[in-house]
Amino acid sequence: MNERADITVIGGGIIGCATAYKLSQYFPNKKILLVEKESQLAVHQTGRNSGVIHSGIYYKPGSYKAKNCVAGRRELVAFAKEHHIPHDVCGKVIVATHSSELEQLNKVFQNGIANDVEGIEIIDGKKIKAIEPCCEGIQAIWVPATGIVDFSAAARKMAELMEKRNEQNRILLNTETKRIFQEGEEEVKILTNTGEIRSQYVIICAGLQADRLAGKHITQNKVSIVGFRGDYYDLTPEAQHKVRNLIYPVPNPQFPFLGVHFTRMIHGGIECGPNAVFVFKREGYSRTSFDWKDTIEAFSFKGTWRFFLKHWRFGVDEYRGAFSKKFFLRRLQKLIPSLTMNEIIPSRCGVRAMALDENGNMLDDFKMAADRRVLHVLNSPSPAATAGLAYGNEIALRAIEDLKIQ
Ligand SMILES: Cc1cc2nc3c(=O)[nH]c(=O)nc-3n(C[C@H](O)[C@H](O)[C@H](O)COP(=O)(O)OP(=O)(O)OC[C@H]3O[C@@H](n4cnc5c(N)ncnc54)[C@H](O)[C@@H]3O)c2cc1C
């Protein structure tokens, strides 16, 4: 293969697909390529997440996450309606089961107000029962703007629309980017497993591989991606009546994830999870997946050890949840006490790309870095699937400004 393009987007998850789609709207006459190493789009984080359209209630007011989650959610729902992507804005409850959680519940509620999340309401135990009859809680936030969606279908539609906009645009599957060189002032050369692409501008949205494609001169060796697996259980068909829509715990502010929750999936069934355990293979989807390169890189980065030291207590609990069904069930029973061992069965998992700095801090927000004619998306954590269209637009605008796309 020898290809030429005006703009090349590397990575066919929702961020790459949304970026290519937005760029095709800004530049209908430019040739755009979307390059993905797998045989299908959206099979890593985007295709293995919880499928929840987040409202924007959790995120620090003023952050990229807050702004883009709310705007991206509204745009995603409109996009799903227009293009017949399976979705349902069914609402969710965030439930406090103990008085010690009420202060944090109220903080989340205040965040929601500051972030302009529509229709949120504090409700009591009786109202919780009216919404979710099997859930036991003392107080909750009702969040009507939350929903569920098929994120992979949304990403594929964005890519398809990009391809249709200009007959030269193409999606290249099974095409793994190996190296990227800046060739003089005018061009970037991309070496792939199937040949070479020469492109005027390149945007990299590589999710779990983002730091590797950026290289050390961009990350300055100070940021590294570490994978955290989230395991899910399914409710058996007989137990599915116990959850109507979405039930979440009050998030622990010390812990970087939202806690195990119940999610009705858009194509049927109820999932419970995910937990968060360190993985030995970034794109490995079983409890025993292992890759030497991923493991050595993770353990030779200071930030990984510092992160473990800071969060060892949670780490131990998360590992117990990964190997003990009984322990996992106990966490779920906090929200639905009547749930039994026979009613949950192990199912799939996903791996989150967590960007850590060398002090072991998680880079909590979306992050990009430009290098002459290349723009790198270094971190696109949850709710980046919800915010995909808004981030796609931010990335396109940043590329226009920093890479000077004309
Ligand atoms: C368990 C879990 C639950 C989550 N739940 C939610 C949720 O409910 N709602 C929500 O909004 N967010 C959720 N998230 C977060 C969300 O899924 C991610 O933030 C989002 O999907 C990131 O999209 P992405 O395009 O950056 O990454 P990805 O979807 O991982 O895509 C990156 C793509 O780049 C490709 N790629 C990598 N390297 C190369 C290369 N060298 N050459 C070519 N292609 C390459 C990969 O194959 C991949 O397709 C969850 C994430 C996980 C893991």
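Residues numbered from 1 in each chain as written. Predicted model: local features only at pLDDT ≥ 70, side-chain atom pairs only at ≥ 80, totals over all residues. Heavy atoms only, no water.

**Overview of the overall build of the chain**
Helices and strands together make up the secondary structure of the chain, namely twelve helices and 20 strands. Counting only C-alpha atoms and orienting by the principal axes, one finds that the chain spans roughly 65 × 45 × 40 Å. Out of the 406 residues in the chain, the part that is buried amounts to 56%. The long-range fraction of contacts in the chain, counting pairs at least 24 apart against all pairs at least 6 apart in sequence, stands at 74%. Separation between the mean location of the 54 positive side-chain charges and that of the 45 negative ones in the chain comes to 3 Å. (Helix = DSSP H or I, 4+ residues; strand = E, 2+ residues; numbered from the N terminus. Buried < 20%, exposed > 50% of the residue type's maximum accessible area, 1.4 Å probe, protein only. Contact = heavy atoms within 4.5 Å. Lys, Arg positive; Asp, Glu negative; His and termini not counted. Charge placed at Lys NZ, Arg CZ, Asp CG, Glu CD.)

**With respect to the sheet that holds strand S3 (residues 52–53)**
If you trace the three strands from one edge of the open sheet to the other, you get S3-S8-S4, paired in antiparallel fashion. Looking along the sheet, the strands with just one partner apiece sit at the ends: S3 and strand S4 (87–88). In terms of strand pairing, S4 meets strand S8 (residues 147–149) through two bridges, oriented antiparallel. Each bridged residue has a counterpart across the sheet, and for Asp 88 the counterpart in S8 is Ile 148. (Pairing = 2+ DSSP bridges.)

**What to know about the site of the ligand**
Inspection of the region around the ligand gives 38 residues, with Glu 36, Thr 46, Val 52, Ser 380 and Thr 386 positioned closest. Between the ligand and the protein, one listed contact pairs an oxygen atom with a side-chain N or O atom of Thr 46 at 2.5 Å. Note that an oxygen atom of the ligand is positioned 2.9 Å from one of the side-chain N or O atoms of Asn 49. Bound to the protein, the ligand loses 97% of the 1,000 Å² it would expose on its own. Breaking the shell around the ligand down by element, the ones donating at least two residues are helix H1 (14–26) and strand S18 (344–357). Two domains each donate at least three residues to the shell around the ligand, and these are domain 1 (2–46 + 152–222 + 364–402) and domain 2 (224–244 + 255–260 + 275–357). (Near = heavy atom within 4 Å. Polar contact = N/O pair within 3.5 Å; in protein donor to acceptor, adjacent residues only side chain to side chain. Areas by Shrake-Rupley, 256 points an atom, 1.4 Å probe, with all protein chains shown as cover. Domains from an automatic or database assignment.)

**Concerning the packing of aromatic side chains**
As enumerated under the stated definition, the model contains 19 aromatic pairs in all. The interplanar angle of 65° and the centroid separation of 6.1 Å between the aromatic rings of Tyr 58 and Tyr 59 together place this pair among those described as edge-to-face. Take Tyr 59: its relative accessible area is 8%, and that puts it in the buried class. Ring geometry for Phe 228 against Phe 307: centres 5.5 Å apart, planes inclined by 65°, an arrangement best described as edge-to-face. (Phe/Tyr/Trp six-rings, centres within 6.5 Å; stacked < 30°, edge-to-face > 60°.)

**Some remarks on the side chain of Arg 229**
On the secondary structure map, Arg 229 appears in strand S13 (residues 223–235). A distance of 2.7 Å separates the side chain of Arg 229 from the side chain of Asp 231, its partner in a polar contact. When neighbours within four sequence positions are excluded, Arg 229 is seen to be in contact with Asn 275, Ala 276, Val 277, Val 279, Ser 286, Arg 287, Ala 322, Cys 349, Gly 350, Val 351 and Arg 352.

**Structural notes on the pairing of strand S2 (residues 32–35)**
Taking every second residue as pointing to the same face, both faces of S2 are buried, with Ile 32 and Leu 34 on one and Leu 33 and Val 35 on the other. Each parallel crossover has a hand, and for strand S1 (residues 2–10) linked through H1 to S2 it is right-handed. Across three bridges, the pairing between S2 and strand S9 (residues 170–172) is parallel. Across the sheet, residue Leu 33 finds its bridge partner in S9, namely Arg 170. (Right-handed = clockwise from strand over helix to strand, strands pointing away.)

**A short note on unusual backbone geometry**
Cis geometry marks the peptide bond from Gly 273 to Pro 274; its omega dihedral reads -10°. Locating Pro 274 in the fold gives a position in the loop between strand S16 (270–273) and strand S17 (277–278). Looking along the chain, the bond that leaves Ser 382 and enters Pro 383 is cis, with omega of 10°. Even without glycine at this site, His 84 takes up a positive phi of about 55°. With respect to the helices and strands, His 84 occurs in the loop between helix H2 (64–83) and S4. Under the relative-accessibility criterion, His 84 is labelled exposed at 70%. In this model, Arg 372 sits at a positive phi of 50°, which is unusual for a non-glycine residue.

**Here's the deal with H2**
Residue pairs spaced three or four apart in an α-helix point in one direction, given the helix's 3.6 residues per turn. Between the first and last C-alpha of H2 there are 27 Å, a value that for 20 residues agrees with the 28 Å anticipated at 1.5 Å per step. For H2, every residue scored as buried is listed here: Lys 65, Ala 66, Asn 68, Cys 69, Val 70, Gly 72, Arg 73, Leu 76, Val 77, Phe 79, Ala 80 and His 83. Elements in contact with the buried residues of H2: H1, S3, S4, S8, helix H5 (151–165) and helix H12 (388–402). Phi for His 84, located one or two positions after H2, is positive at around 55°. (Expected span 1.5 Å × (residues − 1).)

**Concerning the domain arrangement of the chain**
Interface extent is often summarised as the accessible area lost during association of the parts. Here the chain is described as being made up of domain 1 (2–46 + 152–222 + 364–402) and domain 2 (224–244 + 255–260 + 275–357). Summarising the inter-unit geometry, the C-alpha centres of domain 1 and domain 2 are found 29 Å apart. Facing the 14 residues of domain 1 at the interface are 16 residues of domain 2. With both sides pooled, the region where domain 1 packs onto domain 2 buries about 1,200 Å², and carbon together with sulfur makes up 43% of that total. Our count for the domain 1 to domain 2 interface comes out at four salt bridges. (Buried area = accessible area lost by both parts, 1.4 Å probe. Salt bridge = Lys/Arg side-chain N within 4 Å of Asp/Glu carboxyl O.)

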